[in-house]
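Survey of secondary and tertiary structure
Each chain, written out:
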Amino acid sequence: MQPIIHKAAIALDLNPVSIGVSPGDRALLSMNSDTTVSVFVERPSRLPFGLGKPRVVLLGKLGVRATDILLPALERKADFRVRIIEVEPAHLSRTGRASVYVSVWGNPADVAQPKSRPSIFKRSKINDPVPPYSER
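Computed from a predicted model, the values in this text were never measured in an experiment.

Applying the stated criterion across every chain, the model contains 2 salt bridges. Note that Lys7 is salt-bridged to Glu86, the shortest N-O span being 2.8 Å. Placement of Lys7 in strand 1 (residues 2–12) and of Glu86 in strand 5 (residues 80–88) is noted, with a sequence separation of 79 residues between them. For Glu86, a relative accessible area of 28% corresponds to the partly exposed category. The shortest N-O distance in the salt bridge between Arg43 and Asp25 comes to 3.0 Å. With Arg43 in strand 3 (residues 37–43) and Asp25 in the loop between helix 1 (16–19) and strand 2 (26–31), the pair connects residues that are 18 residues apart, well separated along the chain. With a relative accessible area of 12%, Arg43 lands in the buried category.

This part covers the side chain of Ser38. The topology assignment puts Ser38 in strand 3. Look at Ser38 and you get buried, because its relative accessible area is 4%. Not counting residues up to four positions away in its chain, the partners in contact with Ser38 are Leu28, Leu29, Ser30, Asn32, Leu58, Gly60 and Lys61.

Each value, and the rule that gives it
- Residues numbered from 1 in each chain as written.
- Predicted model: local features only at pLDDT ≥ 70, side-chain atom pairs only at ≥ 80, totals over all residues.
- Heavy atoms only, no water.
- Salt bridge = Lys/Arg side-chain N within 4 Å of Asp/Glu carboxyl O.
- Helix = DSSP H or I, 4+ residues; strand = E, 2+ residues; numbered from the N terminus.
- Buried < 20%, exposed > 50% of the residue type's maximum accessible area, 1.4 Å probe, protein only.
- Contact = heavy atoms within 4.5 Å.

Structure below.
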C-alpha cells in the first residue's frame, strides 16, 4: 500500500471530541448516490464488559478534491486503509471550529484512470507501402 492522500480535511457533521475520535483511529469510506464520499468511524459499545456490537458513526464528508481522486476507485470497490491523522478541537483552532484530517492508503493502480492514447500520426499516403514497379 502506498499513500494516495496524505492529508484530507473532513466537513464535519458532529463534534469529534464528543464521540472520542483520536489520531490513529480507523475510518471507513462510503460512496453516496450524490457522488460524495462519507467518512465513518467505528466506536466501541458503551455496555459494560465490552458487551454489544460496536457502532458506526458518520463523522462527515470528504472535500471535492479528495472525492475526485477516490471516486473511480470506490466505484470499483477498491480496498483502502483510512486513518485519522489529526484532530483539532474547537478551542485550539484559529477558526473556532473543530477539524479532523484523514490519510488514505491504497494501491495507486486502483486510483489511476485509464487514459486514452491519442494517435501520433494521421493517415496519409506517406505511411502506405510502395506498390511494386510492375503495378504502377
